[in-house]
Amino acid sequence: MSLHLYDTATREISELVPVVPGHVGIYHCGLTVQGPPHLGHIRKEVVFDVLRRWLERAGLEVTIVANVTDIDDKILAKAVEQDRPWFAVAYENERALHAAYEALGCRPPTYEPRATGVVPEMIEMMQTLIERGHAYAADDGSGDVYFDVRSWPDYGQLSNQKVDDMQAAEDAPPEGKRDARDFALWKGHKEGDPESASWPTPWGRGRPGWHLECSAMAAKYLGTEFDIHGGGLDLRFPHHENELAQSRGAGQAFARLWMHNAMLNLGGAKMAKSVGNTLMVSEVVKRVPAIAVRFYLLSAHYRSIIEFSEEALAESAVGFERIAGFVTRAAELVGPGEPGDVPDAFAAAMDDDLSVPAALAVLSAEVTRGNTLLGDSTAGGAAAELGQVLASVRAMLDVLGVDPLSPTWADRADDSGTGAALGTLVDALLAQRQEARAERDFTTADRVRDQLTAAGIDIEDTPHGPRWSVKGR
RNA sequence: GGUGGGUUGGCCGAGAGGCGAGGCAACGGACUGCAAAUCCGUGUACACGGGUUCAAAUCCCGUACCCACCUCCA
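Since the structure is predicted, the reported quantities are computational estimates derived from the model, not experimental observations. (Residues numbered from 1 in each chain as written. Chains lettered and ligands numbered in written order. Predicted model: local features only at pLDDT ≥ 70, side-chain atom pairs only at ≥ 80, totals over all residues. Heavy atoms only, no water.)

S.K.: Would you mind going over the packing of aromatic side chains in detail, with residue names and values included?
M.R.: Considering all chains together, one arrives at twelve aromatic pairs under this definition. Pairing W54 with F346 gives two aromatic rings, centres 6.2 Å apart and planes at 70°, and the pair type is edge-to-face. Placement of the pair is W54 in helix 1 (residues 39-57) and F346 in helix 10 (residues 344-351), with a sequence separation of 292 residues. The pair formed by W54 and F346 is uniform in burial state, with each residue classed as buried. Geometrically, the ring pair formed by F254 and W258 is tilted, given 5.9 Å between the ring centres and 50° between the ring planes. In this arrangement the basic side chain of R178 is found over the ring face of Y136, its NZ or CZ atom lying 3.9 Å from the centre. In this arrangement the basic side chain of R303 is found over the ring face of Y6, its NZ or CZ atom lying 4.0 Å from the centre. (Phe/Tyr/Trp six-rings, centres within 6.5 Å; stacked < 30°, edge-to-face > 60°. Helix = DSSP H or I, 4+ residues; strand = E, 2+ residues; numbered from the N terminus. Buried < 20%, exposed > 50% of the residue type's maximum accessible area, 1.4 Å probe, protein only. Lys NZ or Arg CZ within 6 Å of the ring centre and 35° of its normal.)

S.K.: Run through the pairing of strand 3 (residues 23-28), naming residues and quoting values.
M.R.: Within strand 3, six of the six residues are buried, which leaves the element mostly enclosed by the surrounding structure. Both strand 3 and strand 4 (residues 61-66) contribute to a ladder of six bridges, which runs parallel. In the sheet register, I26 faces strand 4, and the bridge partner there is I64. A crossover links strand 3 with its parallel partner strand 4, the connecting element being helix 1, and its sense is right-handed. With three bridges joining them, strand 3 and strand 9 (residues 225-232) adopt parallel strand pairing. Considered in strand 9, the bridge of I26 is made with I228. (Pairing = 2+ DSSP bridges. Right-handed = clockwise from strand over helix to strand, strands pointing away.)

S.K.: So, the pattern of salt bridges: which residues are in play, and what are the values?
M.R.: What the rule picks out here adds up to 28 salt bridges. Two residues, D49 and R294, come together in a salt bridge whose shortest N-O distance is 2.8 Å. Taken together, the positions of D49 in helix 1 and R294 in helix 8 (residues 290-298) put the pair 245 residues apart, joining distant regions of the chain. The class of D49 is buried, set by a relative accessible area of 3%. Salt bridges here are not isolated pairs; linked through shared partners, they connect R150, D164, D179 and R181. (Salt bridge = Lys/Arg side-chain N within 4 Å of Asp/Glu carboxyl O.)

S.K.: Quick one: what's the story with the sheet that holds strand 8 (residues 206-208), residue by residue and with numbers?
M.R.: Read from one edge of the open sheet, four strands run 5-6-7-8, paired in antiparallel fashion. Of all strands in the sheet, those with a lone pairing partner are strand 5 (135-137) and strand 8, marking the two edges. Mean inter-strand twist for the sheet, computed between neighbouring axes without regard to direction, equals 20°. The pairing of strand 5 with strand 6 (residues 145-147) spans three bridges and is classified as antiparallel. Within strand 6, the position partnered with Y136 by the bridge is Y146. (Axes fitted to C-alpha atoms, helices over the stretch in contact; angles between N-to-C directions.)

S.K.: Account for the sheet that holds strand 3, with residues named and values stated.
M.R.: Strand pairing in a sheet takes place through backbone hydrogen bonds and is either antiparallel or parallel in direction. The parallel open sheet is built from four strands, whose spatial order is 4-3-9-10. On the outer flanks of this sheet lie strand 4 and strand 10 (254-261), each paired with one strand and no other. Between one strand and the next, the sheet's axes are offset by a mean angle of 25°, whatever the strand orientation. Seen against the sheet, helix 5 (residues 212-222) touches strand 3, strand 4, strand 9 and strand 10 and runs at an angle of roughly 160° to strand 3. (Contact = heavy atoms within 4.5 Å.)

S.K.: Just give me the short version of the protein's contact with RNA strand B, but keep the residues and values in it.
M.R.: Residues in contact with RNA strand B amount to 53 residues; listed here are only the nearest, K74, W210, G232, L235 and K270. Among the atoms of RNA strand B lying within 4 Å of the protein, the sugar-phosphate backbone contributes 61%. The side chain of D165 places a nitrogen or oxygen atom 3.2 Å from a sugar or linking oxygen of RNA strand B. At 3.3 Å from a sugar or linking oxygen of RNA strand B is found a main-chain nitrogen or oxygen belonging to F237. Take the surface near RNA strand B: its biggest share by element is six residues, from helix 11 (residues 356-375). (Near = heavy atom within 4 Å. Polar contact = N/O pair within 3.5 Å; in protein donor to acceptor, adjacent residues only side chain to side chain.)

S.K.: Describe the domain arrangement of chain A, listing the residues and the values that go with them.
M.R.: By domain assignment, chain A separates into domain 1 (17-266), domain 2 (306-410) and domain 3 (417-470). Taking only C-alpha atoms into account, the centre of domain 2 sits 27 Å from that of domain 3. In this complex, domain 2 contributes nine residues to the contact, which on the side of domain 3 involves four residues. Carbon and sulfur atoms make up 58% of the area that domain 2 and domain 3 hide from each other, which totals about 460 Å². The interface formed by domain 2 and domain 3 holds one salt bridge in total. Here R467 and E332 are joined by a salt bridge, their closest N and O atoms 2.8 Å apart. Counting across the domain 2 and domain 3 interface gives two residue pairs in polar contact (both at pLDDT 80 or more). If you list the elements that add at least two residues to the side of domain 2 that touches domain 3, you get helix 9 (310-334) and helix 11. Looking at the side of domain 2 that touches domain 3 element by element, the count peaks at four residues for helix 9. (Domains from an automatic or database assignment. Buried area = accessible area lost by both parts, 1.4 Å probe.)

S.K.: Can you tell me about helix 8, naming the residues and giving the values?
M.R.: Counting buried residues along helix 8, nine of its nine residues qualify, which places the element largely inside the surrounding structure. Among all positions in helix 8, only A290, I291, A292, V293, R294, F295, Y296, L297 and L298 are buried.

S.K.: Run through unusual backbone geometry, naming residues and quoting values.
M.R.: Excluding glycine, most residues fall at negative phi; most peptide bonds, likewise, are trans. Cis geometry marks the peptide bond from F237 to P238, where omega comes out at 0°. Although it is not a glycine, N160 adopts a positive phi angle of roughly 60°. Within the secondary structure layout, N160 lies in the loop between strand 6 and strand 7 (183-188). The exposure class assigned to N160 is exposed, which follows from its relative accessible area of 55%. The phi dihedral of R440 is positive, around 55°, even though this residue is not glycine.

Put into structure tokens, the structure is as follows:
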């Protein structure tokens, strides 16, 4: 079986058939960099990172384009509020976004264009849309350019709505619009907005509307027909609906399949700045290991809402410990090896609309098998089998981006001189304890263990000798 | 008003007509000098009310509640 995904446009699960065999082009909407990313934002990032890893494992070449919206009303408002240039606000938050990607082990996209970098392409697109009768420049002298919703019969197809059923935006006075539902492709420069936030066009100076940039970027970097367009479910309307209308209206085939991840809720509502229930990625990662946070975000299917709770996050971290513990102990015994093949059942689950929870059940079974082998003190014959299990487990973890031995995570381990010094000291104490145990002097042995425990070092006696670890690492 | 999604055992979370996914917690057992870690065992849950069917958590009808979108939103 090959990868099947739920397509928001058709509301059915269908097979992914790439436009160009062997290659998959994915566009997903990045952030409007008006603030640092919260856990909800990064959930989307993790979902698409897993999709990419799974496609690459299948031998496909993946191109991912994710935009950064670096100009918009809110950024301009923040700039005024903070009394500094809009681009400083945008860039600072863009960097915070990159830090969050990295913290959770999300590989950067193939390319991450900024909205302000595709102004010429947007102008071209507007010209095409005007020529084709799907857009018009407002005749009120505002410099605004609007998409003519009534000129596009398919408008509403993605979100399954009829134009007449839509509530007209209350906060958007008709201005130069022909229909209240027409949306801005381009916003004319307004008195008081910084000059640096405007670009020249045939209709006067102005700045991009939100939706047009994505159409322009997708076409520029992925071509006018590409495989998957994604983003959070909250973007389906109006953002993605509008993108679809613009690009199709301009004569492009655009995305073949639409993939949307469900929201991350906190306190019964979508995590959002406007609701004020956000948890910054940078903060969460201080409390719980980043790899466990990622595992938590993967624990539910991508189309299911995650109702965030500290308890569930902590519980998930414990569950991940069992998996990571197996990997560490097995690697100590037979060497890390390399990730191998993934079990068929795991592949089947992933191919079925990225059913990560089902895939995790396969992982869990494999870890149990591995732990049983580890508990066997007659390791000799089992070593080869253990190595195979480890390779299989690591392969599954690699797909999910949570292999503790991968460079992404392993390189974060403490390899400073301090770490080496600690190891030497602990080993010396453990040797003393082993000596005491051999003489059945358990008072001494336990005292050594208690000292280490008090210092934050956990001790485990295994069939292969004692091992130690720093608590919580 | 319109469009979708949801409600599963103490908790998290899959499944989508017939065999109790999986994890966490709990309890019992094995292993251990004792622990820790690990393994084994123990649970008849599917919001409520009707209906269809030999068989419903799964399909249909109704009710309640929750979430998302229709305005900026991952």
